[in-house]
Amino acid sequence: MHDDRSLVESRLKRVLDERIRPAVYPAAVPLEVSVWTAPGEPVPVAEGLAAPRTPIAVGDAWGAPWGTSWITVTGTVPEAWAGRTVEALIDLGFDANMPGFQCEGLVYRPDGTPVKGLNPQNQWVRIAAPAAGGEQVELHVEAASNPVILDYHPFLPTELGDKETAGAEPQYKLARMDLAVFDETVWQLVLDLEVLGELMAELPVDGARRWDVLRAVERALDAIDLQDVNGTAAAARVQLAEVLAAPAAPSAHRISAVGHAHIDSAWLWPLRETVRKVARTTANMTALLEDEPDFVYTMSQAQQFAWIKEHRPEVYARVKKAVAEGRFVPAGGMWVESDTNMPSSEAMARQFVHGKRFFLEEFGIENEEAWLPDTFGFTGGLPQVIRNAGSKWLLTQKISWSQVNKFPHHTFLWEGIDGTRIFTHFPPVDTYNCSMKGSEIAHAARNFKDKGVARHSIAPTGWGDGGGGTTREMVAKAARLRDLEGSATVRWERPAEFFAKAEAEYPQPPVWVGELYLELHRATLTSQARTKQGNRRSESLLREAELWCATAALRTGLRYPYQELDRIWKTVLLHQFHDILPGSSIAWVHREAEATYAGLAAELDALIGAAQQALAGDAAGGRELAFNAAPHRRTAVPAGGALAVAAPDGPRCTVGARPEGGFVLANGLLSVTVDGDGLVVSVVDLATGRETVAPGTRANLLQLHPDFPNMWDAWDVDQFYRNTVTDLTAADSVTVSLDAPDAAAVRVARSFGSSTVVQTLTLHAGERRLDIDTEVDWHETEKFLKAAFPLDVHTERYAAETQFGHLYRPTHTNTSWEAAKFEACNHRFVHLDEPGWGVALVTASTYGHDVTRTVRASDGGTTTTVRFSLLRAPRFPDPRTDQGLHRFRHALVPGAGIADAVREGYRISLPERRVTGSVDAVRPLVELDEDAIVVSAVKLADDGSGDLVVRVYEAHGGRARGRLGTSFPLAGAVPCDLLERPWDGTRGEVVPDGDGVTLALRPFELVTLRLTPAAG
């Protein structure tokens, strides 16, 4: 037989495109269209429905950027259509090649009942099946003219990312506005041919199945009368029935499909628009669930459920009904799909506390999976958090985006820094927007790395980010793929059903230890510094507010602000979403975030101030108290307590001129030499005589790099940025200050490009650290600013703090995996050491850093350089990222062990507060006699019982035994999970011991205790 395969395949494409698909709607009449444009922000539904309309026609422009237009369509079903299926086709000017990221609409009936969303791949609204001739049609569309930010030529700077700069030029033109007959037989034929055509393309050319399908397709095309597609579609389907009925091989890969729409809680649109995106999508999905009995849909992010509950209660009622039926599945158990690298220990825990509690209270559902398909890498502290929240599984997709190394597993156990293991799955379909294309299904089966020992994978299916979720076409394709020869099998299943099957079939999967580092999007650790600083400050203030409000409640009876703290936590958690905290959203999002953080700071400061004043007593008492919220004693002030301020004693700081220019600062513990350029050339630990700064180098050196990645401007920094560097050594002025009685400081001013920087290097009496305060007025473009500290330390690894502990990363690049980690995350410290001596660098608000090592030609010693990433200046999606004034605080701590790094990291983030009162001291509610056991949170239990919740962890990476004593009579102490429920998951020892608890913890083990005060 001659090879006519290409001929038939080409014929199939043209006949589908030009004859069969157009015949899905064989008859149409135009609708009448009118519009009202809201003058500002979106209005309530009742107002939009009642507003006066003016006529508008197909082809007319509409929609200023970020505007809302209320479009009304009216018409009459022709008598000739009686008994047929009739749909409205409403095309707002969609680009079908861009499933989301553009205009969208939510359709309402005249009484305000929501019907479904309108999206580029979902433009139909069912009117009737069967229709009655003469039936009147009236629909209202709340149409959002969201501008296209990420266009066909991506990453071009645009002012469309903020309504204040976007202008008023209409963004779209109305396209098709018709009533039309829907021919389901032709529609089904389209799906038959699409599934078989896509399957053919994935089958081996020399295999019989491909040719069986090809001949069946050819027979179907022969059966179609191209001048009467509607009349011959059924006959064509008959020709395809046999090949569609052929069952899959017993060894076929098995895909659990789950309806899905990944909706970024903010990104290329503001938070307020996400509220509407979620409403449109959930209206779509609840409607689809009613039509398709096998379909299952899942949605993560409790915040998004809460938005629908607040803003679209009528849609939420439909969601709750579908949840109760088990078909609309809340997933993930987190408040939002957050970043996991940068949130603090407590914030990561509270993501699960607030997310899981919402799902429990609203739906009676407890999630056992974490659902983070799009997050930019995963910290090694996360497995323990997941387990302590009562969950045991994790799904993500993003690691498949890594640029250099392909991850070796799709299903595996992920082991965190404490030894906790979580059953984890990466869908081999390599997308969280699967559309049931044959190429996607075949890729999942081929790509699956665990063949021979496992057979199941999951495919999140549907358009996200305004694409409207799963379509009826995807559901129809999945039905054909349920058991089809040559294909993986597809079934709609809930995430928990998939994980249970996958875990059962793979009892001993491989283990991956440590962080899941994404080899991409590394610059999200630095972009939008104000957003990151707002997050860090909010986390610190929440710790203080809970601690002091709990102390004041138990000591003085002051009302504990349950509702206020709950609301503030949820706002902070929302802003940890993986495109807000990472700095990858439009200008509007970050402008609002900065204002939100300022408001939260004022509110939290007020709560802290009121609680501390209640504890300090009458301000007229004139006694100044120092309050210490850090988990370690600070001079004489106990952790979690306060003490009347005493006059400082001990050695004072001295400053002397350096003969060759600059100054020498000393305090009996350190000797710090600053040269004439204001750079640190020597830091000697006087107890050991050990020099910290590598020979021939200068520390606290600001370095400027060009920063123009190949793509993803706000997200990425590519390794070639290091090829060019400018050392900022020239100083405008270098001056010394001894104004403070217990400190000496050098002030250095520099200017470069269009920017200026002022740094203050301060040595305090009695402290073995050099504080560095940096103020930058930043006006550069596509530049990367770093602060370098070349250290005289020989080490192959260094420690970086993460949630509830720290992890180690190599300083070398032996392998491609190590070389790819050229920018990484820390929380409050990085620590480097040799046996017996080390150095800590601590930070109040920066996350990105790099560590490199070189061997000196002069003496053969090793220089290990730590560089903190301070600022960037990408132009997409916010063309003015990071412009303006910024302040940073860092400290260099020579002679530091890991315990010093932990302590100084907390110290820089939780400075003392001074309050005037009448008491001598405020005793802490709880005290620990072991520094390795660190208190992460002290708060009242969320249930209002009056119990005290204390969360602790082992912070040094070793085993620790200690006693947590209480300063109140203790009636009971119970280990609990993060949701404050009794829990037996703790593997360490927790033994009640009079007015306290004895603890024995494994390395980095996390324990939450619920302490019940004795009555009276």
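Everything below is about the structure printed above this text.
Treat the numbers as computed from the prediction; the structure is a model and nothing was measured. (Residues numbered from 1 in each chain as written. Predicted model: local features only at pLDDT ≥ 70, side-chain atom pairs only at ≥ 80, totals over all residues. Heavy atoms only, no water.)

*Asks:* Just give me the short version of the packing of aromatic side chains, but keep the residues and values in it.
*Replies:* Inspection of the entire model under this criterion finds 40 aromatic pairs. Arranged with centres 5.6 Å apart and planes meeting at 85°, the rings of F155 and F876 form a pair that is edge-to-face. Placement of the pair is F155 in the loop between β10 (136-145) and β11 (172-173) and F876 in the loop between β43 (862-872) and β44 (884-894), with a sequence separation of 721 residues. As far as burial versus exposure is concerned, F155 and F876 are alike and both buried. For the pair F423 and F499, a centre-to-centre distance of 6.4 Å together with 80° between the ring planes defines the contact as edge-to-face. (Phe/Tyr/Trp six-rings, centres within 6.5 Å; stacked < 30°, edge-to-face > 60°. Helix = DSSP H or I, 4+ residues; strand = E, 2+ residues; numbered from the N terminus. Buried < 20%, exposed > 50% of the residue type's maximum accessible area, 1.4 Å probe, protein only.)

*Asks:* Now, about the sheet that holds strand β38 (residues 805-810): what can you tell me, with residues and values included?
*Replies:* Consider a sheet: its strands pair through backbone hydrogen bonds, and that pairing is either parallel or antiparallel. Spatially, nine strands are ordered β32-β33-β34-β35-β44-β41-β40-β37-β38 in an open sheet, and the strand pairing comes out antiparallel. Edge positions in the open sheet fall to β32 (733-737) and β38, since each of these has one partner strand only. Direction aside, neighbouring strands of the sheet carry axes that sit 20° apart on average. Of the strand pairs in this sheet, strand β40 (residues 829-834) and strand β41 (residues 837-843) are connected by six bridges, and their pairing is antiparallel. Bridging across to β41, E834 finds its partner in W837. Seen against the sheet, helix α18 (residues 898-909) touches β35 (770-778), β37 (797-802), β38, β40, β41 and β44 and runs at an angle of roughly 20° to β41. (Pairing = 2+ DSSP bridges. Axes fitted to C-alpha atoms, helices over the stretch in contact; angles between N-to-C directions. Contact = heavy atoms within 4.5 Å.)

*Asks:* Can you lay out the environment of L600 for me, pointing to particular residues and giving the numbers?
*Replies:* The topology assignment puts L600 in helix α16 (residues 587-616). The spatial distance from the C-alpha of L600 to the C-alpha of W569 is 9.7 Å, given a sequence separation of 31 residues. Residues contacting L600, with those up to four places away along its chain left out, are S538, I568, T571 and V572.

*Asks:* Report on the environment of T286, specifying residues and quantitative values.
*Replies:* Within the secondary structure, T286 is located in helix α6 (residues 271-291). T286 sits in the buried class, given a relative accessible area of 3%. In this structure the C-alpha to C-alpha distance between T286 and R327, which are 41 residues apart in sequence, comes to 9.2 Å. Residue contacts for T286: discarding those within four places in its chain leaves R318, V319 and F328. From its side chain, T286 meets the backbone oxygen of T282 in a polar contact 2.9 Å long. (Polar contact = N/O pair within 3.5 Å; in protein donor to acceptor, adjacent residues only side chain to side chain.)

*Asks:* I'd like a description of unusual backbone geometry, backed by residues and values.
*Replies:* Note that the residue after A129, namely P130, is joined by a cis bond; omega there is 5°. You can see P130 is positioned in the loop between β9 (124-128) and β10. With an omega of 5°, the peptide bond running from F876 to P877 counts as cis. Note on placement: P877 falls in the loop between β43 and β44. Phi angles above zero are rare outside glycine, and Q301 is one such case at about 70°. Considering the arrangement of structural elements, one finds Q301 in the loop between β14 (297-299) and α7 (302-311). For Q301, a relative accessible area of 2% puts it in the buried group. Although it is not a glycine, T635 sits at a positive phi angle of roughly 50°. The topology assignment puts T635 in the loop between β23 (623-628) and β24 (641-644).

*Asks:* Run through the packing of α6 against α7, naming residues and quoting values.
*Replies:* Taken N-terminus to C-terminus, the directions of α6 and α7 make an angle of 85°; their axes are 9 Å apart at the nearest point. In terms of their interaxial angle, α6 and α7 are classed as roughly perpendicular. From α6, L271, T274, V275, V278 and T282 reach across to α7, where they touch Q304, W307, I308 and H311. Looking at the contact of α6 with α7 residue by residue, the classes come out as five nonpolar, four polar and no charged. (Parallel < 35°, antiparallel > 145°, perpendicular 65-115°, else oblique. Nonpolar A, V, L, I, M, F, W, Y, C, P; charged D, E, K, R; others polar.)

*Asks:* Tell me about helix α3 (residues 184-202), residues and numbers included.
*Replies:* Here α3 contains 19 residues, and its C-alpha end-to-end distance of 27 Å stays within 8% of the 27 Å for a straight helix at 1.5 Å per residue. Burial analysis of α3 places 14 of its 19 residues in the buried class, the great majority of the element. Where α3 starts, the residue carrying a side-chain oxygen 3.0 Å from the main-chain nitrogen of T185 turns out to be D183. (Expected span 1.5 Å × (residues − 1).)

*Asks:* Pulling in residues and values, what's your account of the packing of helix α14 (residues 529-556) against α16?
*Replies:* Two elements in contact, α14 and α16, have axes separated by 8 Å at closest approach and are oriented at 25°. Relative to α16, the element α14 lies roughly parallel. Considering the relative orientation of α14 and α16, their crossing is left-handed. Counted by class, the contact of α14 with α16 contains 16 nonpolar, eight polar and six charged residues. (Left-handed = near helix turned anticlockwise from the far one by under 90°.)

*Asks:* Quick rundown of the pattern of salt bridges? Include the residues and the values.
*Replies:* Within this structure, the stated rule accounts for 86 salt bridges. A salt bridge links R11 to D222; the nearest nitrogen and oxygen atoms lie 2.9 Å apart. Linking R11 in helix α1 (residues 5-20) with D222 in helix α4 (residues 208-223), this pair joins segments that are 211 residues apart in sequence. Given a relative accessible area of 32%, R11 falls into the partly exposed group. When the shortest N-O distance is used, the salt bridge between K356 and E366 registers 3.0 Å. With a gap of ten residues between them, K356 in helix α9 (residues 345-363) and E366 in the loop between α9 and β16 (369-371) connect regions that are remote in the sequence. A residue is classified by how much of its surface remains accessible, and K356, at 1% relative accessible area, is buried. For E366, a relative accessible area of 32% gives the class partly exposed. By sharing partners, the salt bridges in this structure join E41, E104, E142, K163, R272, E273, R276, K277, R280 and R312 into a single network. (Salt bridge = Lys/Arg side-chain N within 4 Å of Asp/Glu carboxyl O.)

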